[in-house]
Amino acid sequence: MSIISDFLVEAQARGFIHQSTDIEGLDEAMRSGRIVAYAGFDPTATSLHVGHLVPIMLLRLLQRKGHKPIVIMGGATARIGDPSFKNEMRKMLSDEQIKENIASIQNVFQQFLEFGPGGNKAIMLDNAEWLTKLAYLDFLRDFGVHITVNRLLTFDTIKTRLENNQPLSFLEFNYMLFQAYDYYHLNKNFSCTLQIGGSDQWANILNGVEFIRRTSQKTAYGLTTPLLTTASGAKMGKTENGAVWLNPELMSDYDFWQFWRNTHDEDVIRFLKMFTDLPLSEIDTLSNLTGQDLNEVKKLLADEVTKIVRGDHSLASIHETSSKLFEQTVQAYSIKGYDGLSNPILDTSLPVIDMSLNDIDELQAFVCVVKAGLAETNGEARRLIRGKGIKIQDIMVGDENLMITIPEDRVIKVSAGKKRHALIRLVV
């Protein structure tokens, strides 16, 4: 397969392409002129998360290459819930919740796309504008005949549910019809000829392409992005503390930056390609770096992604916080058996646990770990320490019974691994 259109060549090089209905035809259409493409997002929460960044960044690349993106808010489809690879029906949301979620989500897209009239400026629509106006009997008569139950039952998203004897409601079954109608509506009214989505949307996208072919005798295309996992095999954007949210109201700028700063070594170059606008040639020059040089590349990744998602203005305060927490030395303290280096500055970007001082002047190391909430039991805390997984005041602690002297400012920083940190504040 040889593709030559600017968008598809770079999309492939950056790792965005998983499946396509007719990539040669799409390539030819893109070389012939500007196309219109869309991706849909159901507002099931007040924010999108890092997992949504893949189709969003693909829309961003599409616009940079001169094509026109459409962002669809699923104000109507969110009332049903997408059954794709779900074990059970989604929790039903009220109309008010959906409206609140849309209002919270839509502003984020201003960071990624240029919106406006005409040309290749992006537009944002809510599918409630047309789906809520459909007369259901007319819809079934005019369009239901073009989608067979036989075909729907061949899709993995449906087969998996049924083979596992998990119920699939008739309400959910309709989701695929309405998403197909979305594509039909956009094709008819906005000349949209490409739908972009995650790999879990493949069946829905195929349905829409076939729906347009049967009802309008027009050619439309579908393109899916890969399901993104980290080097450890974990689903991208999921952490032990939950989702990595795009909205600053749900996750601080510093915590968002830190998520990217903690990227696994094997993922750094891949994520630079997918989640930044850095030229591929520049990224390739970084691909062989190791050690401290690679740590600097991780900071570059964190900076570039955060600039796009949260804005340039966020970086100054992020760097200041990072410097305070991990680099500055400001006040002497002592741990019995060690030479102290510094005392952590109290910063509310880390969890702060208050603990009564009760006339004590030292704590055992494993007690600090439990009090900081980094282990549920004393036994777990002892095992973490014996496994060299705990730092107190940024110093590795190998003795679970080591006595920690209370510092003058009564704040003790405890870390489990590279990503989990908390501060114990000892109060009288």
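What counts and what doesn't
Residues numbered from 1 in each chain as written. Predicted model: local features only at pLDDT ≥ 70, side-chain atom pairs only at ≥ 80, totals over all residues. Heavy atoms only, no water. pLDDT = per-residue confidence, 0-100. Contact = heavy atoms within 4.5 Å. Helix = DSSP H or I, 4+ residues; strand = E, 2+ residues; numbered from the N terminus. Pairing = 2+ DSSP bridges. Patch = residues over 30% accessible without salt bridge, like charges linked within 9 Å, V, L, I, M, F, W, Y side chains within 5 Å. Areas by Shrake-Rupley, 256 points an atom, 1.4 Å probe, with all protein chains shown as cover. Salt bridge = Lys/Arg side-chain N within 4 Å of Asp/Glu carboxyl O. Buried < 20%, exposed > 50% of the residue type's maximum accessible area, 1.4 Å probe, protein only. Phe/Tyr/Trp six-rings, centres within 6.5 Å; stacked < 30°, edge-to-face > 60°. Lys NZ or Arg CZ within 6 Å of the ring centre and 35° of its normal. Right-handed = clockwise from strand over helix to strand, strands pointing away. Core = buried A, V, L, I, M, F, W, Y, C linked by side-chain atoms within 4.5 Å. Polar contact = N/O pair within 3.5 Å; in protein donor to acceptor, adjacent residues only side chain to side chain.

**Section: the confidence of the model for the protein**
Residue-level pLDDT values for the protein average 85, and 89% of them are 70 or greater. Per-residue pLDDT stays below 50 along residues 327-348; that stretch engages in 59 contacts with residues further than four places along the chain or on separate chains.

**Quick word on the environment of Leu8**
With respect to the secondary-structure elements, Leu8 resides in helix H1 (residues 6-13). Leave out the neighbours within four places in its chain, and Leu8 touches Ile3, Ile17, Ile23, Leu26, Asp27 and Met30.

**Looking at the sheet that holds strand S1 (residues 19-20)**
Overall, mixed pairing links the 6 strands, which are arranged S1-S6-S5-S2-S3-S4 in an open sheet. Edge positions in the open sheet fall to S1 and strand S4 (123-126), since each of these has one partner strand only. Bridging between strand S2 (residues 36-41) and strand S3 (residues 68-73) involves 6 bridges; their strand directions are parallel. If you follow Ala37 over to S3, its bridge partner there is Pro69.

**Considerations on a nonpolar patch on the surface**
Nonpolar side chains collect at one region of the surface, where Tyr136, Leu140 and Phe170 lie side by side and expose about 300 Å² of accessible area between them. In this structure, Leu140 sits in helix H6 (residues 136-143).

**Considering the environment of Tyr254**
If you trace the backbone, Tyr254 turns up in helix H11 (residues 253-261). The buried category is assigned to Tyr254, whose relative accessible area is 5%. Taking the C-alpha atoms as reference points, Tyr254 and Ser314, 60 residues apart in sequence, are found 8.4 Å from one another.

**Let's talk about the pattern of salt bridges**
Applying the stated criterion across every chain yields a total of 20 salt bridges. Two residues, Asp267 and Arg270, come together in a salt bridge whose shortest N-O distance is 2.7 Å.

**Side note on unusual backbone geometry**
Even without being glycine, Gln217 reaches a positive phi, approximately 55°. Counting through the fold element by element, Gln217 comes out in the loop between helix H10 (202-216) and strand S6 (221-225). You will see that Lys388, though not glycine, has its phi angle at about 60°, which is positive. Here Lys388 lies in the loop between helix H17 (378-386) and strand S11 (390-392). Residue class for Lys388 comes out exposed when judged on its relative accessible area of 52%.

**Details of the sheet that holds strand S9 (residues 352-356)**
One open sheet accounts for 5 strands, arranged S9-S15-S14-S11-S12; its pairing is mixed. The sheet is open, and its two borders are formed by S9 and strand S12 (395-396), each paired with just one other strand. Relative to strand S14 (residues 411-416), S11 runs antiparallel, the two sharing 3 bridges. By the bridge assignment for S14, Ile392 is matched with Val414.

**Things to note about the packing of aromatic side chains**
Enumeration according to the criterion identifies 17 aromatic pairs in this entry. Each member of the aromatic cluster is reached from another via a ring pair, and the members are Tyr136, Phe139, Phe143, Phe178, Tyr181, Tyr184 and Phe211. When the ring centre of Phe256 is taken as origin, the NZ or CZ atom of Arg310, which lies over that ring, is 4.7 Å away. A cation over a ring is seen here: Arg382 above Phe366, with NZ or CZ 3.9 Å from the ring centre.

**A look at the pairing of S6**
For S6, a buried count of 5 out of 5 residues is recorded, marking the element as mostly surrounded by other parts of the structure. When strand S5 (residues 192-198) meets S6, the two strands line up parallel, connected through 5 bridges. Of the residues in S6, the one forming a bridge with Gln195 is Gly222. With H10 bridging S5 and the parallel S6, this β-α-β connection has right-handed handedness.

**Thoughts on H1**
Buried residues of H1: Phe7, Leu8, Glu10 and Ala11, and no others. Packing partners of the buried residues in H1 comprise helix H2 (23-32), helix H3 (53-64), S6 and helix H13 (280-285). Positioned one or two residues after H1, Gly15 has a phi angle of 85°, which is positive.

**Remarks on the nonpolar core**
By size, the foremost hydrophobic cluster in this structure holds 66 residues, and its most contacted members are Leu194, Trp260 and Phe275. Per-element tally for this core: the top contributor is H3, with 8 residues. Other than its neighbours up to four places away in sequence, Phe275 contacts Leu53, Val54, Met57, Leu228, Met236, Trp260, Val305 and Ile308. By size, the runner-up hydrophobic cluster in this structure holds 34 residues, among which are Ala76, Trp130, Ala180 and Phe211.

**Brief notes about the environment of Gly389**
Relative to the helices and strands, Gly389 resides in the loop between H17 and S11. Sequence-wise, Gly389 and Gly417 are 28 residues apart; in three dimensions their C-alpha atoms are separated by 5.3 Å. Aside from chain neighbours lying at most four places away, what touches Gly389 is Leu384, Met396, Ser415, Ala416 and Gly417.

**Looking at the side chain of Asp267**
As for its placement among the helices and strands, Asp267 is situated in the loop between H11 and helix H12 (268-275). Classification of Asp267 as buried rests on a relative accessible area of 3%. Of note is the side chain of Asp267, whose polar atom sits 2.7 Å from the side chain of Arg270. The contacts of Asp267, once residues within four sequence positions are left out, are Thr230 and Ala231.

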